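Descriptive structure summary
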Amino acid sequence: MSLKYRIAVVIFLLEAAMMSMVFYMTVSRYQEINEQQLEVNERIILDLLGDLSRFALFSFEYDDLQTYIEKIAEDPHVVKVLIVDRNDRIAASSDVVDIGLPVADLQDTSHEYWLSKEVRNISGGLGKVAVKFSNAAIVAARKEVLFLGIRIALSGMTIIAIVGVLTGYLLTRRLAVLSHAAQRIKEGDLDVQINLAGRDELALLGQTFDGMVTSFKVTIDRLRTGENELRKARDELETRVDERTSELASANKELERLAMHDPLTNLPNRAMLLVRLQQVIERSQRQQSTFAMLMMDLDRFKEVNDTLGHDVGDELLVQVSARVSNLLRKTDTVARIGGDEFAIVLADVTLEQAVSISRKLGECLSAEFVVDNHKFNIGCSIGISMFPEHGIDSSVLLKCADIAMYVAKRNHLNHVVYDAAENQQPESKLSLHSSLRQAIEQDELLLHYQPKVDFRTGALVGVEALVRWQHDDRLISPGEFIPYAEKTGLIKNVTKWVLNTALKQQAQWRAVGETLKMSLNLSAKDLADHSLIAYIAGCLDRWQVDPEDLMLEITETSMMADPNRTLQILRQLDEMGLGISIDDFGTGYSSLMYLKKLPVDEIKIDRSFVTDILEHSDSLVIVRSIIDLAHNLGMSVTAEGVETLEIWDELSSLGCDISQGYYSGPPMSSEDLVRSPFALALIAVTSN
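Residues numbered from 1 in each chain as written. Predicted model: local features only at pLDDT ≥ 70, side-chain atom pairs only at ≥ 80, totals over all residues. Heavy atoms only, no water.

Some details on the overall build of the protein
Let me state the cut-off plainly: Each helix corresponds to a stretch of at least 4 residues labelled H or I by DSSP, and each strand to a stretch of at least 2 residues labelled E; elements are numbered beginning at the N terminus. For every residue, the accessible area obtained with a 1.4 Å probe (protein chains only) is divided by the maximum for its type, and the residue is called buried under 20%, exposed over 50%, and partly exposed between those limits. Note on contacts: a residue pair is in contact if any heavy atoms of the two residues lie within 4.5 Å. For every accessible area listed, the method is Shrake-Rupley and the probe measures 1.4 Å; residues are considered covered only by the protein chains on display.
Looking only at helices and strands, the protein features 23 helices and 20 strands. For the protein, with 688 residues in total, the buried portion stands at 47%. Long-range contacts, defined as pairs at least 24 residues apart, comprise 65% of the intrachain contacts of the protein with a sequence gap of at least 6. For the protein, the exposed area adds up to about 34800 Å²; of that, 52% sits on carbon and sulfur atoms.

So this is what it looks like as structure tokens:
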């Protein structure tokens, strides 16, 4: 074999070996970089999903998490993303049809495999995240590079063989250049360029070699750029996760505060009260000490709230909270558990100390309050129960304090200590509310009727329907249950029951020839009831009662709760032909200018002015002025609280129109009413 062929064969073999080595190193490095990058990407995705899904698995809110899953699923290496709850059901998925299904066995295939991570918090496992990855892209890229290298290698070796045959004598000189370049590439230096001049085979081989190196360099630069972009994306994701974690921590802290505190006063709420009460019980049991449980309800708060509005009422509650908190020790707990109801836990105190603190609270809250230039005095009613004398668990202590507070409220006392004997009398508010609702639904209420008598003729001209509650062999007066009905919203049901029952009774009287004007009371909440007008019209039609025979009584306080709404309602009632009466006139805040606008037919003078007109000249002047004012405005006047003949005569001399009080007759059943002296007198007058 000639030298040129030998040289060509040697060159061919050497170049084949060198190119194979370069190709192998390049492909191996390319594969290593891709696999490392995929591994980093897998770890980032699993960590990110674990952090993002922790709150969603805890709170069961997956809407925001679904958005992140869809973003992650756009990764070409990601086949599917699953979020699995602790019940092994799919809570969120890149494929929404999987949501809600039980998770199946996660099996790998030739180019697809599952990676998962358990999601935990301080309370234990919440579930897991699972991601199905694919290395098909890497395998395809590796094959592409392999085939490209093979093609390039074959082409190069072919060229080398041809050039070796034709220009073997040049090989010894130019092979050194190629060998040096190959060595630099082997060492990882891809900036080498052979730059062989000419158009012979070795020059072309060098140029091809340079092109191959450039191609490798471009490929590696792209890989490095992708790696940098992935690293940047990972850093951005880590930053966003840190920010989100911080935001979630702040949100959780705020949610914990809102869950345990009253948003208006920032005092502990009922949930926090129960926690602290249990802590005090456990500590007192260990130390064998006593403590007091106080239930406090504000006096006259409803009047302020209804008259001046909820904004003033809210500010008043804030001021009350501040006064009470400043009066108590840091070891005590004061909580707002209702509208104007507060609970106080006095740790390590005796009964005498608890009573002393209750007196101080009464004095503190009796001092004048100023809100938006309004000055008023309120006060409070406090019920006291003691541990362990009255109970050893939170529910019993709260119930006993609530009962004692109810007794204090009913008897207009600043404070009352729980007495087991009292437990047979009043009910707790919750029990009262439940029983009252049942009484309305089962028709357990009843009506008594108080006569209204004409001063001039002495004839019975009308009655006022007053609701009573026959409960457990006890007749409960409206003063005991109406305030709670107003607080709980049951007053609307009570009013509708009274209206329907009274008109039914009126129809029965008319059937036997007795026609009496019926007076009924409406509260502020009734005036806010948009169904009131339609209900009244329906009852009048059902019982065929003339609208002129129905008088609706409204207190000044109720009218001033929402003057514009009240004026609108009263005008509608007046257009229906109903009579309108202002009850307890002189005790509220209504102005004469506002009174002038109302379609009022009657004014009822409050009993507080009537009962002492013979002893106090001021009351006499007020009553005379009200009568003159009403008559000048074209209204009739009814005096409440007429209990003696002397008061009757005095009011008659002042020109009062109607008498209502125990002198004319107490509230009585419909059967007793028709047998009363005034009813008999009316029947006699009618028959004549």
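Quick word on the environment of Phe-301
Structurally, Phe-301 can be placed in helix H7 (residues 301–308). The class of Phe-301 is buried, set by a relative accessible area of 8%. Distance from Phe-301 to Gly-379, taken between C-alpha atoms, is 8.7 Å for residues 78 residues apart in sequence.

Here we look at the nonpolar core
This is how the line gets drawn: Only buried residues count toward a nonpolar core, which is a set of Ala, Val, Leu, Ile, Met, Phe, Trp, Tyr and Cys residues joined through side-chain atoms within 4.5 Å.
Among the nonpolar cores identified, the biggest contains 73 residues, and Met-518, Leu-520, Ile-536, Leu-550, Leu-573 and Leu-651 are the most heavily contacted of them. Sorting elements by how many residues they give to this core places helix H13 (residues 491–511) first, with eight residues. Apart from the residues within four sequence positions on either side, Leu-520 is in contact with Ala-465, Val-498, Leu-499, Ala-502, Leu-550, Met-551, Leu-552 and Glu-553. Grouped together as the second largest cluster of nonpolar side chains are 32 residues, Ala-292, Leu-298, Val-304 and Leu-346 included.

Comments concerning the packing of helix H6 (residues 270–287) against helix H10 (residues 394–410)
Selection criterion: Structural elements are reduced to axes, namely lines fitted to C-alpha atoms, with helices fitted over the stretch in contact, and the angle between N-to-C directions of any two is expressed from 0 to 180 degrees. Angle categories are assigned with fixed cut-offs, so that under 35 degrees is roughly parallel, over 145 is roughly antiparallel, 65 to 115 is roughly perpendicular, and the rest are oblique. Polar here means any residue outside two lists: the nonpolar Ala, Val, Leu, Ile, Met, Phe, Trp, Tyr, Cys and Pro, and the charged Asp, Glu, Lys and Arg; Gly therefore counts as polar.
Close contact between H6 and H10 brings their axes to 10 Å; oriented N to C, the two are set at 110 degrees. As judged from the angle between their axes, H6 and H10 are roughly perpendicular. Residues Leu-273, Leu-274, Leu-277, Gln-278 and Ile-281 of H6 pack against Ser-394, Leu-397 and Leu-398 of H10. Split by residue class, the contact of H6 with H10 holds six nonpolar, two polar and no charged.

Comments concerning the pairing of strand E2 (residues 90–93)
Where we set the bar: Should DSSP find at least two bridges between two strands, the strands are taken to pair.
Examined bridge by bridge, strand E1 (residues 78–85) and E2 share three bridges and lie antiparallel to one another. Looking at E2, one finds that Ile-83 is bridged to Ala-92. Where E1 folds back on E2, the antiparallel hairpin that results is connected by four residues, among which Asp-88 adopts a positive phi of roughly 60 degrees.

Points about the sheet that holds strand E10 (residues 380–387)
Read from one edge of the open sheet, five strands run E6-E7-E5-E10-E11, paired in mixed fashion. At either margin of the open sheet sits one strand with a lone partner, and together these are strand E6 (333–336) and strand E11 (415–417). On average, each strand axis in the sheet is tilted by 20 degrees relative to the strand beside it, whichever way the strands run. Set on the sheet, helix H9 (residues 351–366) makes contact with strand E5 (291–298), strand E7 (341–346), E10 and E11; between it and E10 the angle comes to about 165 degrees. Across the sheet, H10 touches E5, E7, E10 and E11, and the angle it forms with E10 is around 145 degrees.

Side note on the confidence of the model for the protein
Keep in mind that low pLDDT regions are not for reading the predicted coordinates in detail. The test is simple: The pLDDT value tells you how sure the predictor is about a given residue, anywhere from 0 up to 100.
Of all residues in the protein, 88% attain a pLDDT of 70 or more, and the chain-wide mean is 82. Looking at the elements of the protein, mean pLDDT is at its lowest for helix H23 (residues 677–687), recorded as 45, and at its highest for strand E20 (residues 658–660), recorded as 95.

As for the packing of helix H8 (residues 310–327) against H9
Note the following rule: In a left-handed crossing the near helix is turned counterclockwise from the far helix by less than a right angle, and in a right-handed crossing that turn is clockwise.
Contact pair H8 / H9: the axes reach a minimum separation of 10 Å and the direction vectors enclose 145 degrees. Crossing angle aside, the handedness with which H8 passes H9 is right-handed. Together, Val-320, Arg-323, Val-324 and Leu-327 of H8 and Lys-360, Leu-361, Cys-364 and Leu-365 of H9 make up the contact between the two elements.

Details of the packing of aromatic side chains
We apply this condition: Ring geometry is summarised as follows: Phe, Tyr and Trp rings, the Trp one being its six-membered ring, pair when their centres sit within 6.5 Å, and such pairs are stacked at plane angles under 30 degrees, edge-to-face over 60 and tilted between the two.
Under the definition given, this model contains five aromatic pairs. Relative to Trp-509, the ring of Tyr-449 has its centre 5.2 Å away and its plane inclined at 65 degrees; by these criteria the two rings are edge-to-face. You can see Tyr-449 sitting in strand E12 (residues 445–454) and its partner Trp-509 sitting in helix H13, a full 60 residues away along the chain. The pair Tyr-449 / Trp-509 is uniform in exposure class, with both members buried. By the ring-pair criterion, three or more aromatic residues cluster together here, those being Phe-455, Trp-648 and Tyr-663.

Concerning a negative patch on the surface
Here is the rule: The patches described consist of residues with a relative accessible area above 30% and no salt bridge, like charges being joined within 9 Å and nonpolar side chains (Val, Leu, Ile, Met, Phe, Trp, Tyr) within 5 Å. Counted as salt bridges are all cases of a side-chain nitrogen of Lys or Arg within 4 Å of a carboxyl oxygen of Asp or Glu. His residues and chain termini do not enter the charge count, which takes Lys and Arg as positive and Asp and Glu as negative. Positions of charges follow a simple convention, taking NZ of Lys, CZ of Arg, CG of Asp or CD of Glu.
On the surface, a cluster of negative charge is made up of Asp-311, Asp-314, Glu-315 and Asp-372. Locating Asp-311 in the fold gives a position in helix H8. Exposure remark for Asp-311: the relative accessible area of 64% places this residue in the exposed category.

With respect to the pattern of salt bridges
Considering all chains together, one arrives at 18 salt bridges under this definition. A salt bridge links Asp-297 to Lys-409; its shortest N-O distance comes to 2.6 Å. Taken together, the residues span a long stretch of sequence, with Asp-297 in strand E5 and Lys-409 in helix H10 at a distance of 112 residues. The class of Asp-297 is buried, set by a relative accessible area of 2%. For Lys-409, a relative accessible area of 26% gives the class partly exposed. Beyond isolated ion pairs, a larger network of salt bridges with shared partners links Glu-464, Glu-553, Lys-604 and Glu-640.

Section: the sheet that holds strand E3 (residues 112–121)
In space, the four strands of this open sheet follow the order E2-E1-E4-E3, with antiparallel pairing throughout. The two strands at the open ends of the sheet, each matched to only one other strand, are E2 and E3. The average angle at which neighbouring strand axes cross in this sheet is 20 degrees, direction not considered. With seven bridges connecting them, E1 and strand E4 (residues 124–134) associate as antiparallel partners. Its bridge partner lying in E4, Val-84 is registered against Lys-128.

Observations concerning a nonpolar patch on the surface
A contiguous nonpolar surface patch, about 350 Å² in accessible area, is contributed by Leu-146, Phe-147, Ile-150 and Leu-154. One can find Ile-150 in helix H3 (residues 136–166).

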